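What follows is each chain in one-letter form.
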Amino acid sequence: MADRWHKLSESPTTSAADAGVAPLTAEDLFRAPGRAEAPALDEKVRRAYYWIVNRAVMSPYYDIEFSDGDPLTFGVGDAGAEITLPTQPSFSSNVLLPLLSFVVGGKCLLIGGPGRGKTTVAVLMGVLSGSTAEEVRRGVQQGQPQLTISDLVGIPLPRDLVQAGSLAEIGIAWREWLTRPVKIVDEYNRIPTKTQSALLTMVAEGYVESHDQMRRTAPESGVESWFFTANDDAGGGTFPVIQALRDRMDVTVPAAGFNSRFFDELVARVEAGEKPEEHVPDELVFDGDEQRRMRDEVRAVPVPDAVRRRLEFFFSHFEFVQGGGRRFEYRTKDTVTTAGGRVPEVIESNSGADLTADLGAQTINGLSVRALQTLILYAKAMAWFRGRPTVEIADVAAILPFVLRGKLLPNPTHPRFDVGAERELATDLSSWLSDMFAESCRQYEALGRGQDDPVRTLLADLDRGLDGVSAVDASRRLTEIEARIRAIAATGKVYGRDFDDLVTLKYLHQRYTAYLRWAERRA
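Bear in mind the structure is a predicted one, so any value in this text is a computation, not a measurement. (Residues numbered from 1 in each chain as written. Predicted model: local features only at pLDDT ≥ 70, side-chain atom pairs only at ≥ 80, totals over all residues. Heavy atoms only, no water.)

Undergrad: Would you mind going over the overall build of the chain with me for this structure?
TA: When helices and strands are tallied, the chain shows 21 helices and 11 strands. Projected onto its principal axes, the C-alpha positions of the chain cover 80 × 70 × 60 Å. Every one of the 523 residues in the chain was classed for burial, and the buried ones make up 43%. Of the contacts made within the chain by residues no fewer than 6 positions apart, 77% connect residues no fewer than 24 positions apart. When the accessible surface of the chain is split by element, carbon and sulfur atoms take 52% of a total near 26600 Å². Once the 61 positive and 74 negative side-chain charges of the chain are each reduced to a mean point, those two points are 4 Å apart. (Helix = DSSP H or I, 4+ residues; strand = E, 2+ residues; numbered from the N terminus. Buried < 20%, exposed > 50% of the residue type's maximum accessible area, 1.4 Å probe, protein only. Contact = heavy atoms within 4.5 Å. Areas by Shrake-Rupley, 256 points an atom, 1.4 Å probe, with all protein chains shown as cover. Lys, Arg positive; Asp, Glu negative; His and termini not counted. Charge placed at Lys NZ, Arg CZ, Asp CG, Glu CD.)

If you want it as structure tokens, here you go:
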């Protein structure tokens, strides 16, 4: 039975991995017989993915789709359902997203009902990091209402508590799991609030404190990944999850249900008493140096300008809300929220807005800088995993729903969630986020932002520096800025994209005004 677990395909997992035949070198001629070259790290990760999907967790759900052109689509049933057949390799999110989190050293929240394999997937990530299955299982922190900070991190030595003259003399028996490269917290929404705060320090800052003693949680490689599980993502559980801890979850991944067509495999595992984490092939284990190199390779994947501009446009929709404040810069959802107001009510009061065109009206909050940085990192990871030289729009579209779930919250009073088939989006948040990004890209093209972006041109002029810019040139640029503000103001209705442009134009105006004053005094 072990052979079926350890059988790995020798063929490349992507067509790019086998493009052409490399010329022989002297090293090739004198290499010892039977000694094969180690695969590239991205190829090794892809092999780990396919082993987990096809042998370990039985996941036939290919919900992260990639296609050249339009995929083949079939209407199914009488409720408007569709099934699509993508034309490029596509992937199971409940395996790929945890694997990418392992690659980049991220924080992954796995949600779903009991018994859906959430903890099994997390344990597999721990085994890939070089620990045995027994070591990983022993290090899993089980969330429960009586879990104390000492239970989580360790206890002070009793002898020191009696003899120490100061806190600095108290030694701590730290828990061994703290410095593992993969850390797993099961049912984190059952942990008391005080203990959650200690967990937040570990997740956010990478250290833990007890009795004035501090311990770093990162392993020697410097790459640590966290995996949390919960039965739902709607605040359920014994204790509400504090917002700061929830916001640290880089990706939120729903667990897939069991497909009945794979029942024979389930019977075979029961009869043999097998667990997939106990049969991970040695060829798929990553040492500390490989984990560090993977993270560095991911970070080095470039993001082309065309992708940046579309992301920039998408982010611009969500912070602005008309009527959020009197001063223009304060017309944001955060202003309303921090003052104790209700964002949906403020959005509804903006009666003249086109709620269909205004994507920002569909959300009750904007995006944090942390969320944007996470999206960039995971988009790079997706491109790296697929063997692409740069990040593509398809990589962003694939990863965005999992990064922004729980961070970009829907406006429950928006009419979109109360009309016909669109009601499904009130519960299918991943599809809602995907649809919003697709609509943002359509608006970007319709407005011609890729060909004509005056504000971007003005920013580029400033980025080139002010050395050698004459007072006349500075005055001319000020005139251009004021003309652009007038053009936006003349449209009547202001949307999120206009808000960001106007704030940017005011920033540019201030920079050139200060420079012009200096230039005139110098003259």
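Undergrad: Looking at this structure, how should I read the packing of aromatic side chains?
TA: The relative placement of two aromatic rings is captured by the distance of their centres and the angle of their planes. Applying the stated criterion to the full structure yields 17 aromatic pairs. Taking the centre distance of 5.4 Å and the plane angle of 55 degrees together, the rings of Tyr188 and Phe228 count as tilted. Of this pair, Tyr188 sits in the loop between strand S7 (182-186) and helix H9 (193-205) while Phe228 sits in strand S10 (residues 225-230), placing them 40 residues apart in sequence. Taken as a pair, Tyr188 and Phe228 share a single burial class, namely buried. A ring pair is formed by Phe314 and Phe318, whose centres lie 5.0 Å apart and whose planes are at 75 degrees; its orientation type is edge-to-face. The class of Phe314 is buried, set by a relative accessible area of 0%. Relative accessible area serves as the criterion here: at 0%, Phe318 is assigned to the buried category. Put simply, the rings of Tyr49, Tyr50, Phe66, Phe91 and Phe385 touch in pairs and so form one group of aromatic residues. When the ring centre of Phe286 is taken as origin, the NZ or CZ atom of Lys44, which lies over that ring, is 4.5 Å away. The ring of Phe66 is capped by Arg386, whose NZ or CZ atom sits 3.8 Å from the centre of that ring. (Phe/Tyr/Trp six-rings, centres within 6.5 Å; stacked < 30°, edge-to-face > 60°. Lys NZ or Arg CZ within 6 Å of the ring centre and 35° of its normal.)

Undergrad: Could you clarify how one ought to interpret the sheet that holds strand S3 (residues 107-111) in this entry?
TA: Strands belonging to one sheet form pairs held by backbone hydrogen bonds; the direction of such a pair is parallel or antiparallel. Spatially, the five strands line up as an open sheet ordered S4-S7-S10-S3-S11, and their pairing is parallel. Edge positions in the sheet fall to strand S4 (141-142) and strand S11 (251-254), since each has one partner strand and no second. Judged from the four bridges that link them, S3 and S11 form a sheet pairing that is parallel. When the bridges of S11 are listed, Leu109 appears paired with Thr252. (Pairing = 2+ DSSP bridges.)

Undergrad: Which parts of the structure should I look at to understand helix H20 (residues 471-489)?
TA: Note: α-helices contain 3.6 residues per turn, so residues at a spacing of three or four share the same orientation. For H20, built from 19 residues, the straight-helix expectation of 27 Å at 1.5 Å per residue is met to within 8% by its first-to-last C-alpha distance of 27 Å. Within H20 the residues assigned to the buried category are Ala474, Arg477, Leu478, Ile481 and Ile488. On an axial view of H20, the arc spanned by its buried residues comes to 105 degrees, and they lie on one face. Of the exposed residues in H20, the ones pointing more than 90 degrees away from its buried face are Val472 and Arg486. For H20, the secondary structure elements touched by its buried residues are helix H19 (454-463) and helix H21 (496-522). (Expected span 1.5 Å × (residues − 1). Arc of directions from axis to C-beta.)

Undergrad: Quick question: what am I supposed to make of the pattern of salt bridges here?
TA: Side chains carrying opposite charge are able to pair once their charged atoms draw close together. Counting across every chain of the model gives 30 salt bridges. Taking the shortest distance from any N to any O, the salt bridge between Lys183 and Glu224 comes out at 2.6 Å. Of this pair, Lys183 sits in strand S7 while Glu224 is found in the loop between strand S9 (213-216) and S10, placing the two residues 41 residues apart along the sequence. Of the two residues, Lys183 and Glu224, both sit in the buried class. (Salt bridge = Lys/Arg side-chain N within 4 Å of Asp/Glu carboxyl O.)

Undergrad: Any chance you could explain empty space enclosed by the protein here in plain terms?
TA: Empty pockets left among the atoms are what a rolling probe the size of a water molecule brings to light. A full pass over the atoms with the stated rule returns two cavities of 30 Å³ or more. Surrounding the largest cavity, 13 residues form its lining, Val321, Gln322, Ile347, Asn350 and Asp358 being those nearest its centre. In terms of residue class, the lining of the largest cavity is made up of eight nonpolar, three polar and two charged. In this structure, the second largest cavity encloses a volume near 40 Å³. Lining the second largest cavity, in full, are Val136, Gly139, Val140, Trp177, Arg180, Val182, Lys183 and Ile184. (1 Å grid on protein atoms, 1.4 Å probe; cavity = no way out; pocket = protein on both sides within 12 Å on 5 of 7 lines; lining within 4 Å. Points joined across faces, edges and corners; volume = space filled by probe spheres on them. Nonpolar A, V, L, I, M, F, W, Y, C, P; charged D, E, K, R; others polar.)

Undergrad: How do you make sense of the packing of helix H13 (residues 305-315) against helix H18 (residues 429-446) when you look at a structure like this?
TA: Axis angle and axis distance: for two packed helices, these are the angle between their axes and the distance between the axes, and together they describe the pair. Running from N to C, H13 and H18 point in directions that differ by 110 degrees, and their axes come no closer than 9 Å. One way to sum up the angle between H13 and H18 is to call them roughly perpendicular. The handedness of the crossing between H13 and H18 comes out as right-handed. Of H18, the residues touching H13 (which contributes Arg309, Arg310, Leu311, Phe313 and Phe314) are Met436, Phe437, Ser440, Gln443, Tyr444 and Glu445. Here the residues of the contact of H13 with H18 are counted per class, giving six nonpolar, two polar and three charged. (Axes fitted to C-alpha atoms, helices over the stretch in contact; angles between N-to-C directions. Parallel < 35°, antiparallel > 145°, perpendicular 65-115°, else oblique. Left-handed = near helix turned anticlockwise from the far one by under 90°.)

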